[in-house]
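This is what each chain is made of:
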Amino acid sequence: MIYIERKERFSAAHQLYNPNWTEEQNDAVFGKCANKNFHGHNFTLIVTVKGEINPDTGFVMNLVDLKKIIQEQVIDKVDHANLNHDVDFMRGKFASTEVLAEEFWKILEPAIAKHGCRLHRIRLEETINNAVEYFG
């Protein structure tokens, strides 16, 4: 089994806020992230794919194809967007990095499978100190 990775970067805004809570509860749990005017991050998305080496190409998956899938199906939708308002697959969902990683998985997993390999991991770095990993 071979693992390959592709990194992409995007900038996006979001707000962490539970509408069922009081403003005081939101401020206590989410702090500055509950800001009514939102806040932003420069995210790094790392997609790890696994599979066997294709004897005809020497690849698990052509990284050009992986780049195109990630770019068209994820990055083009979230880059310079408000995750709470502008992104169709995030509507009605909590705009945390954890939820975002799960939604990326749902989008990328079937597209990658069409190339004869499997999505292994989504790593989403929100800051240089905070990251989420999701393995489906």
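See the structure above.
Description of the structure in this document. A quick note: this is a predicted structure, and the numbers were derived from the prediction, not measured.

Basis of the calculations
- Residues numbered from 1 in each chain as written.
- Predicted model: local features only at pLDDT ≥ 70, side-chain atom pairs only at ≥ 80, totals over all residues.
- Heavy atoms only, no water.
- Axes fitted to C-alpha atoms, helices over the stretch in contact; angles between N-to-C directions.
- Helix = DSSP H or I, 4+ residues; strand = E, 2+ residues; numbered from the N terminus.
- Parallel < 35°, antiparallel > 145°, perpendicular 65-115°, else oblique.
- Left-handed = near helix turned anticlockwise from the far one by under 90°.
- Contact = heavy atoms within 4.5 Å.
- Buried < 20%, exposed > 50% of the residue type's maximum accessible area, 1.4 Å probe, protein only.
- Expected span 1.5 Å × (residues − 1).
- Bend = angle between axes of the 7 residues up to and from the residue.
- Salt bridge = Lys/Arg side-chain N within 4 Å of Asp/Glu carboxyl O.
- Pairing = 2+ DSSP bridges.

A few words on the packing of helix 2 (residues 63-78) against helix 3 (residues 97-113). Put simply, helix 2 and helix 3 touch, their axes get as near as 10 Å, and they point 155 degrees apart. Considering their axes alone, helix 2 and helix 3 lie roughly antiparallel with respect to each other. In terms of crossing hand, the pair formed by helix 2 and helix 3 is right-handed. Packed against helix 2, whose contacting residues are Leu66, Ile69, Ile70, Gln73, Val74 and Val78, the element helix 3 presents Phe104, Ile107, Leu108, Ala111 and Ile112 at the interface.

Right, let's get into unusual backbone geometry. Phi is positive for phenylalanine 38, close to 70 degrees, though the residue is something other than glycine. Within the secondary structure layout, phenylalanine 38 lies in the loop between helix 1 (23-30) and strand 2 (39-51). The class of phenylalanine 38 is buried, set by a relative accessible area of 19%. For histidine 80, which is not glycine, the phi torsion reads 55 degrees and is therefore positive. Tracing the backbone through its elements, the reader meets histidine 80 in the loop between helix 2 and strand 3 (81-82).

Relative to the 24 Å expected for 17 residues at 1.5 Å per residue, helix 3 spans 24 Å between its end C-alpha atoms, a close match to the ideal helical length. Bending of helix 3 peaks at approximately 25 degrees at the position of isoleucine 107, with proline proline 110 no more than four residues after it. Listed as buried for helix 3 are Thr97, Val99, Leu100, Ala101, Glu103, Phe104, Trp105, Ile107, Leu108, Ala111 and Ile112. On its buried face, helix 3 is in contact with strand 1 (2-14), strand 2, helix 2, strand 4 (118-125) and strand 5 (131-134).

This part is about the pattern of salt bridges. Under the defined criterion, the tally for this structure stands at 7 salt bridges. Between glutamate 5 and arginine 121 there is a salt bridge, and its shortest N-O distance comes to 2.8 Å. You can see glutamate 5 sitting in strand 1 and its partner arginine 121 sitting in strand 4, a full 116 residues away along the chain. Exposure remark for glutamate 5: the relative accessible area of 43% places this residue in the partly exposed category. Arginine 121 sits in the buried class, given a relative accessible area of 13%. For arginine 123, the salt bridge is made with glutamate 133, and the minimal N-O distance between the two is 3.1 Å. Placement of the pair is arginine 123 in strand 4 and glutamate 133 in strand 5, with a sequence separation of 10 residues. Overall, arginine 123 belongs to the partly exposed group, its relative accessible area being 23%.

What follows covers the sheet that holds strand 5. Ordered in space as 3-1-2-4-5, the 5 strands form an open sheet in which the pairing is mixed. On the outer flanks of this sheet lie strand 3 and strand 5, each paired with one strand and no other. Direction of pairing for strand 2 relative to strand 4: antiparallel, over a ladder of 7 bridges. Residue pairing in the sheet places valine 47 in a bridge with isoleucine 122 of strand 4. Together, strand 1, strand 2 and strand 3 form the strand contacts of helix 2, whose direction differs from that of strand 1 by roughly 20 degrees. Here helix 3 sits on the sheet and contacts strand 1, strand 2, strand 4 and strand 5; the angle it forms with strand 4, its principal contact strand, is near 150 degrees.

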